[in-house]
Number of protein chains: 2
Amino acid sequence: MKRIGIKDLARLLSLNVSTISRALSGHPDVSPETRERVLDAAREFNYHPNLHARFFRKKNSGLIALVLPELNSFFIPELIQGVHDAVEKKGYNVIMFISGDSPEKEAEIMDHCLSWVAEGVLVSVSNRTVETGHFRAIQSAGIPLVMLDKVIHTADFSTVTINDHSAAWSATEHLIRSGCRKLLGVLGNPGLEITRERAKGFADCLEARGFLPEMSRIITIENIASGEEVLMEEVIRGGYDGIFVMSDELLLFVYPALAAAGLYPLKIRLAAISDGKLPHAIFPQVPYVQHSGYQTGRTAAEKLLDEISGKDPAIRHFTSGINLVYPR
Amino acid sequence: MKRIGIKDLARLLSLNVSTISRALSGHPDVSPETRERVLDAAREFNYHPNLHARFFRKKNSGLIALVLPELNSFFIPELIQGVHDAVEKKGYNVIMFISGDSPEKEAEIMDHCLSWVAEGVLVSVSNRTVETGHFRAIQSAGIPLVMLDKVIHTADFSTVTINDHSAAWSATEHLIRSGCRKLLGVLGNPGLEITRERAKGFADCLEARGFLPEMSRIITIENIASGEEVLMEEVIRGGYDGIFVMSDELLLFVYPALAAAGLYPLKIRLAAISDGKLPHAIFPQVPYVQHSGYQTGRTAAEKLLDEISGKDPAIRHFTSGINLVYPR
DNA sequence: TTGAAAGCGCTAACAG
DNA sequence: CTGTTAGCGCTTTCAA
């Protein structure tokens, strides 16, 4: 069935296309009766504006690009929802890209954003990205870009993250306060800013509390499959009484491994940084510092929209507050 | 900085726009030297085609719409990834919508799809949707539509789901085989096809295995917040030795509630339908029938792409195989 | 092998 | 209040 256009309506109603256009977009210069007739006809013939044509003409696309390195189970879905809620309120739509954690792919995606004339770009940076040329290209095309969650800290881009250092510190301190004397930190990809900051928060807190170097250790789990072995070997050898887990993804396998070995909850305490769902699904509940995906996504999207509308063009770095959640 | 277009390149190289267009799109009728010059200039001046203009002209948008009622923790992220992988291979991009589980919103979104001239629509139907007029509107505009996961079974739309009935049956049978004699089924939204089918699979299996009506019961958890109370009251009263849990979302709270009460793993066995991550994160691991989000997304997207390219215009209902995963 | 020109659907001057 | 018209960036006939 042929798609009906503004021209068809014009012919049908023996009016001019511009009158139709005006009636449809609520322009004041059009008589109420005419407007009604047009609106009725539009409904009747199932008219839908062609946004490509409209935006093509008006030089803006109504699209916000959301670029993610990969999807995970807790944080990212919430983040997407946050972005979505913020963006939708202003009538924008989301076009989503997944870089698969590849900087090359990421660069291609930036080209796509340019080609789609996205009005703004939200990007959670790939773990292996070091070069930022492709991001600057977006900016120099006049398109606002905000980094969220996984970011590169320079003076050039606005960012939205949590304060990873203090989140890790806070979780670590909770373990110490609970009486732990020998601590293990379980961390993810070491190339990431987010990992380095959390590792540092963990280490700094220990130092500040007078822990000697031999009273703590950090292990890195890059691959969940082999992770359990690495973890259990260290745990058994080390005699730990507390473990700091850096993320939900890690907690998802640290918990059953310890439980199966009979170590949690009897011999070892846990504390995590989490979006907040998983710790409640574990028994006994794990204390955690909340890292809200929804807030991150929403804040970043709102900042981006402000930049788009010229309201807050300054580069800013938002770090959301930390709050520790104890089991009830 | 002004965006550079095909016209600017033409002026720069003293060529005609059509030559540029041809060179850029790899048309054979253009001399190798000219092509080189054009490609070089495009790179140098950072040319990016305007897809709105291109697709506007060519009558197709390169967009696949993905419409979801809401995001969850395990299944949906995998589904998105599956859709993404399939679609990207063919050069399409994904424009994402969230209906918030509202039929009205869903109808609006269908209008957006029309307005964006999406070339295909993938939709996981809102729980409360009964009227399908807005979906037919898409089809009668000549746009293929495939439903996935949450679907409405009619002769009009292709669908991709798992065989919910046999998944539930299989999980239930596993409990019976393990020796359970009194079973509880924990189900979600009762308005959903998916829920009805799983409830039926549970009940049918029990009947086939000779369970008397008083040896089983079904409870419905619509709201996670109040769910724990409902669950525990029933569990304590009923004296169950096995519980069938219909989804990851439900398992996420059923497990800690039972564990906290000291019932799991000692007195009660569990079996679930799950994407496959969460059961491994629980101790002891929960047997489950796998419901793969990735496969669902991927299969649906591939079917959609086939329909778009005219390869498989028939309406089909795919139900993926079931396999039961035991704890190792 | 290249150029000229029309037209995709819509908006926005400008004119009446 | 309504009509006329040009043009957004690109592809695609048709001509040269």
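Peer 1: Can you help me understand unusual backbone geometry in this one?
Peer 2: Note: most residues except glycine have negative phi, and most peptide bonds are trans. Tyr264(A) connects to Pro265(A) through a cis peptide bond whose omega is 5 degrees. Its place among the elements puts Pro265(A) in the loop between helix H11 (248–260) and strand E9 (269–274). Following Phe283(A), the chain continues to Pro284(A) via a peptide bond in cis, the omega torsion being -10 degrees. You can see Pro284(A) is positioned in the loop between helix H12 (278–281) and strand E10 (288–290). You will see that Ser14(A), though not glycine, has its phi angle at about 40 degrees, which is positive. In this structure Ser14(A) comes out as exposed when scored by relative accessible area, which is 66%. Located in the positive-phi region is Asp101(B), a residue other than glycine, with phi close to 65 degrees.

Peer 1: Honestly, the relation of the copies chain B and chain A in this entry has me stumped. Any pointers?
Peer 2: Relating one copy of the chain to the other takes a rotation about an axis and a shift parallel to that axis. Take chain B, turn it by 180 degrees, move it 0.1 Å along the axis, and it overlays chain A with an RMSD of 0.1 Å. Here the two chains are linked by the operation of a two-fold rotation axis. Most of the interface of chain B is mirrored in chain A, where 98% of its interface residues are also at the interface.

Peer 1: Would you mind showing me how to read the protein's contact with DNA strand C here?
Peer 2: Taken together, 25 residues surround DNA strand C, and among them Ile6(A), Ser21(A), Tyr47(A), Arg57(A) and Arg57(B) come closest. Each atom of DNA strand C within 4 Å of the protein was assigned to sugar, phosphate or base; sugar and phosphate come to 54%. Between DNA strand C and Thr19(B), the relevant distance is 2.8 Å, taken from a phosphate oxygen to a side-chain nitrogen or oxygen of the residue. In the model, a base nitrogen of DNA strand C is placed 2.8 Å from a nitrogen or oxygen of the Arg57(B) side chain. The set of elements that each furnish at least two residues to the surface near DNA strand C consists of helix H1 (6–13), helix H2 (17–24) and helix H4 (51–58) of chain A together with helix H2 (17–24) and helix H4 (51–58) of chain B. With four residues, the single largest contributor to the surface near DNA strand C is H4(A).

Peer 1: What's the story with the interface of chain B and chain A in this structure? I'm lost.
Peer 2: Listed as interface residues are 50 residues of chain B and, on the opposing side, 49 residues of chain A. Here chain B and chain A share an interface that buries about 4,600 Å² over both sides, 61% of which is from carbon and sulfur atoms. With a closest N to O distance of 1.9 Å, Glu88(B) and Lys105(A) form a salt bridge. Across the chain B-chain A interface, the total number found is 18 residue pairs in polar contact (both at pLDDT 80 or more).

Peer 1: Can you help me understand the protein's contact with DNA strand D in this one?
Peer 2: The full set close to DNA strand D counts 25 residues, and Asn16(A), Arg57(A), Ile6(B), Tyr47(B) and Arg57(B) are the nearest of them. For DNA strand D, the backbone makes up 51% of the atoms found within 4 Å of the protein, where backbone means sugar plus phosphate. The separation between a phosphate oxygen of DNA strand D and a polar side-chain atom of Thr19(A) is 2.9 Å. In this structure, Tyr47(B) approaches DNA strand D through a side-chain N or O atom, which is 2.7 Å from a phosphate oxygen. Those elements giving two or more residues to the surface near DNA strand D turn out to be H2 and H4 of chain A together with helix H1 (6–13), H2 and H4 of chain B. In the surface near DNA strand D, the residues fall into seven nonpolar, nine polar and nine charged.

Peer 1: Quick question: what am I supposed to make of the sheet that holds strand E8 (residues 242–245) of chain A here?
Peer 2: Either a parallel or an antiparallel arrangement is found when strands of a sheet pair, and the pairing is made through backbone hydrogen bonds. Residues and elements named next belong to chain A. Here six strands make up an open sheet; going across it, the order is E7-E6-E8-E9-E10-E12 and the pairing mixed. Of all the strands in the sheet, the pair left with one neighbour each is strand E7 (216–220) and strand E12 (324–325). Pairing between strand E6 (residues 183–187) and E8: four bridges, direction parallel. Paired with Val186 across the strands is Val245, a residue of E8. Seen against the sheet, helix H9 (residues 193–208) touches E6, E7, E8 and E9 and runs at an angle of roughly 170 degrees to E6. Against the sheet, H11 makes contact with E6, E8 and E9, and its axis sits at roughly 160 degrees relative to E9, the strand it touches most.

About the thresholds
- Residues numbered from 1 in each chain as written.
- Chains lettered and ligands numbered in written order.
- Predicted model: local features only at pLDDT ≥ 70, side-chain atom pairs only at ≥ 80, totals over all residues.
- Heavy atoms only, no water.
- Helix = DSSP H or I, 4+ residues; strand = E, 2+ residues; numbered from the N terminus.
- Buried < 20%, exposed > 50% of the residue type's maximum accessible area, 1.4 Å probe, protein only.
- Least-squares fit on C-alpha atoms with pLDDT ≥ 70 in both.
- Contact = heavy atoms within 4.5 Å.
- Near = heavy atom within 4 Å.
- Polar contact = N/O pair within 3.5 Å; in protein donor to acceptor, adjacent residues only side chain to side chain.
- Buried area = accessible area lost by both parts, 1.4 Å probe.
- Salt bridge = Lys/Arg side-chain N within 4 Å of Asp/Glu carboxyl O.
- Nonpolar A, V, L, I, M, F, W, Y, C, P; charged D, E, K, R; others polar.
- Pairing = 2+ DSSP bridges.
- Axes fitted to C-alpha atoms, helices over the stretch in contact; angles between N-to-C directions.

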